[in-house]
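# A look at the structure
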Amino acid sequence: MGNFVACCKGFWCRTKNPDVRISLPAVCFVWQIAMIILFGLFVRYNEESDAHWAEHRQKKNITSDIENDFYYRYPSFQDVHVMIFVGFGFLMTFLKRYSFGGVGFNFLIAAFGLQWALLMQGWFHFLDPVDGTIKIGIENIINADFCVAGCLIAYGALLGKVSPVQLMVLTLFGIPLFAVEEYIILHVLHVRDAGGSMVIHTFGAYYGLTISWILYRPKLDLSKRLSGSVYHSDVFAMIGTLFLWMFWPSFNSAISDHGDGQHRAAINTYLALASSVLTTFAISSLSAKKGKLDMVHIQNATLAGGVAMGTAAEFMISPYGSLIVGFCCGIISTFGYLVLTPFMEKYLKIQDTCGIHNLHAMPGLLGGVIGAITAATASESVYGHEGLVNTFDFEGYYAKRTPATQGGFQAAGLCVALVFGIGGGILVGCILRLPFWGDPADENCFDDEVYWEVPEDEESIPPILEYNTHMVGKNADMTSESNFTVEQS
Amino acid sequence: MGNFVACCKGFWCRTKNPDVRISLPAVCFVWQIAMIILFGLFVRYNEESDAHWAEHRQKKNITSDIENDFYYRYPSFQDVHVMIFVGFGFLMTFLKRYSFGGVGFNFLIAAFGLQWALLMQGWFHFLDPVDGTIKIGIENIINADFCVAGCLIAYGALLGKVSPVQLMVLTLFGIPLFAVEEYIILHVLHVRDAGGSMVIHTFGAYYGLTISWILYRPKLDLSKRLSGSVYHSDVFAMIGTLFLWMFWPSFNSAISDHGDGQHRAAINTYLALASSVLTTFAISSLSAKKGKLDMVHIQNATLAGGVAMGTAAEFMISPYGSLIVGFCCGIISTFGYLVLTPFMEKYLKIQDTCGIHNLHAMPGLLGGVIGAITAATASESVYGHEGLVNTFDFEGYYAKRTPATQGGFQAAGLCVALVFGIGGGILVGCILRLPFWGDPADENCFDDEVYWEVPEDEESIPPILEYNTHMVGKNADMTSESNFTVEQS
Amino acid sequence: MGNFVACCKGFWCRTKNPDVRISLPAVCFVWQIAMIILFGLFVRYNEESDAHWAEHRQKKNITSDIENDFYYRYPSFQDVHVMIFVGFGFLMTFLKRYSFGGVGFNFLIAAFGLQWALLMQGWFHFLDPVDGTIKIGIENIINADFCVAGCLIAYGALLGKVSPVQLMVLTLFGIPLFAVEEYIILHVLHVRDAGGSMVIHTFGAYYGLTISWILYRPKLDLSKRLSGSVYHSDVFAMIGTLFLWMFWPSFNSAISDHGDGQHRAAINTYLALASSVLTTFAISSLSAKKGKLDMVHIQNATLAGGVAMGTAAEFMISPYGSLIVGFCCGIISTFGYLVLTPFMEKYLKIQDTCGIHNLHAMPGLLGGVIGAITAATASESVYGHEGLVNTFDFEGYYAKRTPATQGGFQAAGLCVALVFGIGGGILVGCILRLPFWGDPADENCFDDEVYWEVPEDEESIPPILEYNTHMVGKNADMTSESNFTVEQS
C-alpha cells in the first residue's frame, strides 16, 4: 500500500516538484548569514539598553531606572509578540490538514522578518547620523514585530497554496516595501498611525491580495477536499482569534505616546473590539438558515474593530465613537465573508484563503478614513493646547500644521499604503510565478503532507481521489493490515 | 441519508424551536445600539486617559508619565482579560461536542457584558457629580472584566442547556444586579473584597445555580451521549485551567492598593493556588479505583485556592495562612465534584454542568469567611498604623472603625452577595423559562449542531439513538459513499 | 470485550503495579502539610510586600510606589509563570496518548516544587540574619519558578516512563540540589547567570539524563505503538513551543539588573531565538527525504537560542553576537535530534523522551562557555566603568576581580552545574529504582490509561498487541456494538 501511495504521488509530482530540500535550507542559511554580517556592520544597543545607561541617566538627570523606556513598553511588546506568533499562527490552523503549515511557516517567516525589519526600519528611521549605525531598543523590536505583521497578513491570502521558499521571498521583499512605505507615511507626510490601520493592515492586505491574484489557480477545486475545517481545527483557530482579540489594545497602544496616549489607545481599542463581536454574531446568525453561527465569521470578523481603530486609537475619538467604529466593522467584515470572498474568487480571480480582504483590507481602509476625519476635526477645546501638540506631534517643522491639514495628509497616507501594497504585490507576485520555488500542485494545496513529515495514523482524509476509488472495497482490511505493520515492527 | 437525518431532526424540533435567526441578531443589534447611545450620553475619558493629562500632571505636580495609573495596572488588566476570554472560554470546551458553544458564547456575552458593566458600575461608583458623566480609565475596564466574570460563572452551570439569547438575557440582568450588590458591599458597608470572593464568585455562583434550578430538565439524560468529554477536548480545557491558574495572582491584585497591596495580593494568591493543586491531586487519586486521576478535578478544583483568596489576598494573612487556605479548598472542591454535584442533581434538582458550586460557590463562601476573620484579627502591630489605615481604608467617615467591626461588616457583605445571587437568580430564572428564547430540546443539549454550522466530517457521534439502530447494517458502505459525494462535488 | 481488556491488563500488572492510590495521596498530603509547617516557621513578607511598606518608603526616601520592585518584575514574572505551566506543560503533550500526563504531572510537580524552592532558596540566599526568617517578594517567586524549571527539564527525559510519585521524589531531591548548586555558583563563585544556562539548563538536563540512564528500560519497544505523535497532539505541542519561545526574553531578563540590564537581556534573547528558528528549519529540511520538515525539530530546536543566551544575555554580547549564538544552537540542536538521540538510546542506554540533551544540555553547556568568554573579554571601553561594575557586581568583596578572572570563575560554575547534575542524578536515580514507586510496565509506557481516567470513546489505539490480533476479524461489528452499549446505558 505504501508503494501504491508513493507511486500515485510520483505521478502528481511530475507536473510540479514541491521538493524544497535544497532551496529552503539554502535560503535560510544564506539569509541568516547575511543578517549576521549586516547586524555586525550596523546594529548596536541604544543608550537605554547599553551598559552606559547609568552614566546616561546621570547626564540626563533621569531620577530612576523605571524611566527606562523598557518599563513603559515591555508588557505591550510581549502582548504584540504573542499576537504575531500565537495569534496569527493559530488563526491559520483552521484548515483540516494545514495546521502545521499555518503555525509553522508563520513562525519561520516571522523569525526571519523581524531581523530584516530591524535593519530596514533602522536604516530609514533610526540611523545614527554620527556613526552610521542603528541603535536598537524596545521600541525597535516592537516596530519589527509590526513590520512582520504586514507580511503575515499577506500570508493569510496565500495560506496552503505556496511553498515556504515563496513565503521567505514574499517576506524578503515585503519588509523593505513596508519600511519605505512607513517612512513616507510617518516621516515625509508626518501622518499618525500608531496601530497601523494604513501602514500595516491596508498595505499588508493589498500586498497579499495582489500576489494571490497573480498566482491565481484555476484548478484549485482539485484540493477542495482539504479546504475546509474540522471540529478541532476550528477550536485551535479560536486560540489565535482570542489572543489577537485580547491583546489588540496592546497592539494599538504599544508605540503611542507615554501617559495618556497609551492609556487612551488601549481603552478605545478595547471598546471597538467589544462592539464588533456583537454585530458579527448578529450578521452571522441572520445570514444562515435556522440562524446557525459560522465559525469563520466568529474567528475573523470579531477582530475587525481592532484593525479599524489602528489610526484613531490614540486620538480623542471618544468612547462612543470607538463603539460605532466597531459596530460598523463587524457588519462590513461579516458581509465580506458572506458576499465578497465568493465574488472575488469567481469574478476577480482572487483566492483569499483566510479572507484577509474582510479582516484587514476593508477595516484597514475604513480605519485610515476614520483617522483622517478624527484628525481633521481635532480642536484645542477637546485636546487642550498641549494635548493637541503632543498627540499630533505639531512640533519643530510641523509646528504650524493645523488639524484640517493633518486630516488631508492622513488621507494621502492611506493612498500611499494602497499604492505600495498593490504595486509591491504585482512585483513580488511576478517573481513568485517563476517555476523553481517548489509550490504545491493544485491537487496538493492545503495539505501538510507536501512539506511536513505528518504522523502516520489519523489519515482519515485520503490523499487523492483515484486512489480512494480504487481502494474502497479493500479499505477495512487494508487499514487493519497496516496497523499490524506498525505493531509488529 | 441527509434527508433521513433532517427528518429526524424535524421531528424533535416540533417540541422545541431552537432557531435564533431573528431573536439573536435582534438582541445583538438593539442592545449594541443602546450601548452606543448610552455611551454617547454618559461615558468620557478620565483625567489619566484624556489628552489634557499633560496639564493635569503639571497641576498635580506629578513628576513622570510613569505615575499614570495605566503603568500600575495595565499588565494585570491584560492578565485578567486573558482569564475572562481564554480562561473561562477554554475551561468550557471540555464537552465533546460543545466546544464552539463554550468558547463562542463566552466570547459573545463577555463582549456585551463589559460594555454594559462600564455603564452600570459607572453609574454606581464613578459618576462625576459635576457633569453627570462617567469618567473611564484602566481601573474601570478591569472592573468591567470582573463584573463580566460573575455572569460567566453563572454560564458555567447552564453550559449546553441554554440558547445564546438566554445567555444575553442572563447577562443583561446579571450586570446591574452585580453593580448594585457591589455598591452595597463595597461602598455602603465599606467592605474590602479586591479579588471578589464574595462580590464575584459567591454572587455569580448562586446566581447561576438558582437559574439552573429553575430551568431544571428532568429528561436531560436524553442527551447523555454528549455530556462527557473526549481526549482532545480535555486537553483544550486544560488551556483554560492553566491560564486561569497562572493569572489568578493578577486577578486578585489587579485593583488592590499600589505598592505593597498589589505585591502581597499576588504572592498570597500564588501560594494558595500551589497548595490547592496538591490536595486536589491527592483527593482525586484517593477516591478512584486504582488511584486514577480524574481530569474534571484537575481542571477545576486546582483553581479553588485562588477563589478563596479573593477577599483576604491583600490582607496580612501571611504566607503559611495562604497555603492553609489553598490546602482546605483543594479538598473541599474535589469532594464537591465527587459527592455534592451528583447529590445536587438527584435530590436538589440542580444540574450544574461545570460544577460551579464546587469551584466558585463553596470556595467563594469560604473566602468571605476567611476575609472576615482575617480582617477582625488585624492589628497595628502586624500592619503598622499607616498600613492598617491603608489596607482597610479607615479614612474619612470610616476613620474610627476598628478591625473587629470591619470583620462584622465583611460577614454582612457575604450575606448580601448570597441574597443578591439567589434573589436575582429566581427573578432571571423565571424570565428565562418563558417559551420564546430558543433553548434546545432535551435531546439536543450539549450539541453544537443546534446553534453552529459544524464542519461535515468527524461526525463520529451519531445524533439520535433511533437513527443509529436503523443504519447499523449499512454503516460502512454509507460512510464510503458519503465520502464520495464530498470528493466528487 | 471490556472483561477481555481488563483481563489482559491484569496479566501485565502482575509484573508491575502502577496503582498509586495510596502513595500519591500520601505524598501530596504529607509534603503539603510539611510545607505549611515550614512556611509557618520560616516565611514572612519582605519589606516591599509587607503592610509596613508605607513606613519603609518614607524611611528610605523612596518617592513613589512605582519604585516597588513589583512593578519592575511582575510582567516578567507572569511570562515566566506561563512558560513553566503552559510552555513546559504543553510542550510535553506531543505524544498521542500522554497529553494528560504531560500537562497534568508538569502542573503537579511545578506546584509542589515552587513551594519547596521558596524554602530551599530562602535558606541559602534570603535568610534574614536577625530573626532567622525568609523574607519573600516578587524576586523570590520568580526564582522559585526558575528552580522548578530545572526539575521540569529533567521530567522531559523521563516523560511517559515514570509514575507521578517518582516525579514528586525527583522534585523533592531536585530542588535542594538546585539550591545548593545555585548557592555555590552564584554566591561562592560569584558567577553571573541571570537566565540560568548553567544553573537551570545544564543542571536540569544532566540531572534528568542521568536518572533516565539509571532507569533504562531495555524493553521499551513494547510500547512503541504509543511513542509517537498524532496530528492534533503536535499542534498542542506547538502551543508550548510558542509560549516558551515568545516569553524567553522575559525568562532571561526577569532577574537581571533594573534598567539597561533587563532591557539588554530581553533584546539579546529575542535575537538569538529568531536566528535559531531559521537554522532549525534549514537543517530539518536538509536532512529529510524530499525536504520534509519534522515537527519534533520545530517544536524543540527553535528554542535552543534562548537556552544558550541564559548566561550572556545581560552582557554586552552585541546584537550580531546574539544572532551567531542562535545560528549555531539551531544547527547543533537539530543535529542532536537527528544523530545523537538515537545514538544515545542505542549505545549509551539513555532514553530521552523529549530530547532534552539537544534542547537543554548542549545549548546550556554552550551558553556557559559563551558566558565565560564574553565575561573574560569584557572591558571598560565597552561597558563603561560603572556599567562594568554593575553588570558583573564587582563590588564589596569582589571589587578587585577582573573580567579575565571572572571568565575563569564562570567556567568553574559550569563544572559545578555538571557535577551536581550528574551526581544528583545518580543519587536520585538509584532511589527511583526502588520497586514501590508505582512506575508503569514497559508495555504501558506513554499511556495515560495507567494514571488517568481516560474518556471512553476515541479509543482508536488498541491497548495491547494480542488483543488487536485476536479481534481483527470482528472489528467493525464490535465497534458498532460497543456504540450501542454507550447509547443505551
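Below: a short report on this structure. Bear in mind the structure is a predicted one, so any value in this text is a computation, not a measurement.

## Re the overall build of chain A
- Across its full length, chain A carries 19 helices and two strands.
- Each of the 489 residues in chain A was classed as buried or not, and the buried ones make up 68%.
- The contacts of chain A with a sequence gap of at least 6 include a subset with a gap of at least 24, amounting to 82%.

## Here's the deal with the relation of the copies chain A and chain B
- Its rotation angle being 120°, the transformation that places chain A on chain B also includes 0.0 Å of axial translation and leaves an RMSD of 0.0 Å. Look at the turn and shift together and you get a three-fold axis relating the two. Measuring from the rotation axis to each C-alpha of chain A, the shortest distance belongs to A:P75, at 3.6 Å.
- Interface overlap between copies: only 10% of the residues of chain A at the interface are likewise at the interface in chain B, consistent with a contact formed by different surfaces.

## Quick word on the interface of chain A and chain B
- Facing the 84 residues of chain A at the interface are 81 residues of chain B.
- Interface area for chain A against chain B, summed over the two sides, is near 7100 Å², with a carbon-plus-sulfur share of 72%.
- It is A:Y231, A:Y270 and A:L278 in chain A that bury the most area against chain B; as a group they hold 13% of the surface buried on that side.
- The tally of links between chain A and chain B comes to one salt bridge.

## Here we look at the nonpolar core
- One finds A:F243, B:F243, C:F243 and C:W245 to be the most contacted residues of the largest nonpolar core, which totals 423 residues.
- Setting aside its immediate chain neighbours within four residues, C:F243 contacts A:V82, A:V86, A:F243, B:F243, C:V82, C:M83 and C:V86.

## So, the packing of aromatic side chains
- Enumeration over the complete set of coordinates arrives at 93 aromatic pairs over all chains.
- Relative to C:W452, the ring of C:F105 lies with its centre 5.4 Å away and its plane at 35°, an arrangement referred to as tilted. Here C:W452 lies in the loop between α17 (403-432) and α18 (465-471) and C:F105 lies in helix α5 (residues 99-125), a separation of 347 residues in the sequence. As far as the burial class goes, C:F105 and C:W452 line up, both buried.
- Connected via pairs of aromatic rings, a cluster forms that spans A:F70, A:Y71, A:Y74, A:F77, C:Y72 and C:Y270.
- Taking NZ or CZ as reference, C:R401 lies 3.8 Å from the ring centre of C:F409, over its face.

## Here's the deal with the relation of the copies chain C and chain B
- With an RMSD of 0.0 Å, the fit of chain C onto chain B corresponds to turning through 120° and sliding 0.0 Å along the axis.
- With a heterologous cut-off of 20% or less, the 10% of interface residues of chain C that recur at the interface of chain B puts this contact in the heterologous class.

## Thoughts on the interface of chain C and chain B
- Listed by partner, the interface residues are 81 residues for chain C and 84 residues for chain B.
- Of the roughly 7100 Å² buried where chain C meets chain B, counting both sides, 72% is carbon and sulfur surface.
- There are one salt bridge connecting chain C and chain B.
- Here C:E449 ties to B:K292 by a salt bridge, and the two come within 3.9 Å at their closest N and O atoms.
- Taken together, the elements giving at least two residues each to the side of chain C that touches chain B come down to α2 (23-42), β1 (43-45), α3 (53-59), α4 (69-91), α5, α6 (138-158), α9 (231-253) and α19 (475-488) of chain C.
- If one sorts the elements of the side of chain C that touches chain B by residue count, α5(C) sits on top with 12 residues.
- Of the residues assigned to the side of chain C that touches chain B, the class counts are 48 nonpolar, 17 polar and 16 charged.

## Re the environment of C:G196
Residue and element names in this part refer to chain C.
- Mapped onto the elements, G196 comes out in the loop between α7 (164-188) and α8 (197-214).
- Note on G196: relative accessible area 1%, which makes it buried.
- Distance from G196 to A149, taken between C-alpha atoms, is 9.9 Å for residues 47 residues apart in sequence.
- If near-sequence neighbours (up to four positions away) are discounted, G196 is found in contact with H201 and G310.

## Describing unusual backbone geometry
- Positive phi, close to 60°, is recorded for A:F446, a residue that is not glycine.
- For A:F446, the position within the fold is in the loop between α17 (403-432) and α18 (465-471).
- Taking relative accessible area as the criterion, A:F446 reaches 5% and is therefore assigned buried.
- The residue B:S318 is not glycine, and still its phi comes out positive at about 75°.
- As for its position among the elements, B:S318 is in the loop between α12 (304-308) and α13 (319-348).

## Section: the pattern of salt bridges
All names here are of chain C.
- Taken as a whole and judged by the stated rule, the model has 33 salt bridges over all chains.
- Across the pair D257 and R192 runs a salt bridge whose closest N-O atoms are separated by 3.8 Å. Here D257, found in the loop between α9 and α10 (260-286), pairs with R192, found in the loop between α7 and α8; they are 65 residues apart in sequence, far enough to count as distant.
- We note a salt bridge from R264 to D260, for which the minimum N-O separation is 2.9 Å.

## Notes on the side chain of B:H56
All names here are of chain B.
- Mapping H56 onto the fold places it in helix α3 (residues 53-59).
- By relative accessible area, which is 12% here, H56 ends up buried.
- With residues near it in sequence (within four places) discarded, H56 still touches E47 and I62.

## Overview of the packing of α5(C) against α6(C)
All names here are of chain C.
- Where α5 meets α6, the closest approach of the two axes is 8 Å, and the angle between their N-to-C directions is 135°. Comparing the axis directions of α5 and α6 gives the class oblique. Considering only the axes of α5 and α6, their crossing is right-handed. Judged by residue contacts, G101, G102, F105, N106, I109, A110, G113, L114, A117, L118 and Q121 of α5 engage N140, I141, N143, A144, D145, C147, V148, L152 and Y155 from α6.
- A per-class count over the contact of α5 with α6 returns 12 nonpolar, seven polar and one charged.

## Here's the deal with helix α14 (residues 356-376) of chain B
- Across its 21 residues, α14(B) extends 29 Å between first and last C-alpha, which sits within 8% of the 30 Å expected from 1.5 Å per residue.
- A large share of α14(B) lies buried, amounting to 16 of its 21 residues.

## A short note on the state of the cysteines
Residue and element names in this part refer to chain A.
- This model, assessed by the stated rule, comprises zero disulfides over all chains.
- Of all cysteine sulfurs, the one in C147 lies closest to C151, which takes part in no disulfide; the gap is 6.3 Å.
- The exposure class assigned to C151 is buried, which follows from its relative accessible area of 3%.

## Structural notes on the side chain of B:E181
Residues and elements named next belong to chain B.
- Among the secondary structure elements, E181 is positioned in helix α7 (residues 164-188).
- Look at E181: it is buried, it has no salt bridge, and the nearest opposite charge is R192 at 16 Å.
- Ignoring sequence-local partners within four residues, the contact set of E181 consists of M198, V199, F203, V416, A417 and F420.

Rules used throughout
Residues numbered from 1 in each chain as written. Chains lettered and ligands numbered in written order. Predicted model: local features only at pLDDT ≥ 70, side-chain atom pairs only at ≥ 80, totals over all residues. Heavy atoms only, no water. Helix = DSSP H or I, 4+ residues; strand = E, 2+ residues; numbered from the N terminus. Buried < 20%, exposed > 50% of the residue type's maximum accessible area, 1.4 Å probe, protein only. Contact = heavy atoms within 4.5 Å. Least-squares fit on C-alpha atoms with pLDDT ≥ 70 in both. Buried area = accessible area lost by both parts, 1.4 Å probe. Salt bridge = Lys/Arg side-chain N within 4 Å of Asp/Glu carboxyl O. Core = buried A, V, L, I, M, F, W, Y, C linked by side-chain atoms within 4.5 Å. Phe/Tyr/Trp six-rings, centres within 6.5 Å; stacked < 30°, edge-to-face > 60°. Lys NZ or Arg CZ within 6 Å of the ring centre and 35° of its normal. Nonpolar A, V, L, I, M, F, W, Y, C, P; charged D, E, K, R; others polar. Axes fitted to C-alpha atoms, helices over the stretch in contact; angles between N-to-C directions. Parallel < 35°, antiparallel > 145°, perpendicular 65-115°, else oblique. Left-handed = near helix turned anticlockwise from the far one by under 90°. Expected span 1.5 Å × (residues − 1). Disulfide = S-S within 2.5 Å. Lys, Arg positive; Asp, Glu negative; His and termini not counted.

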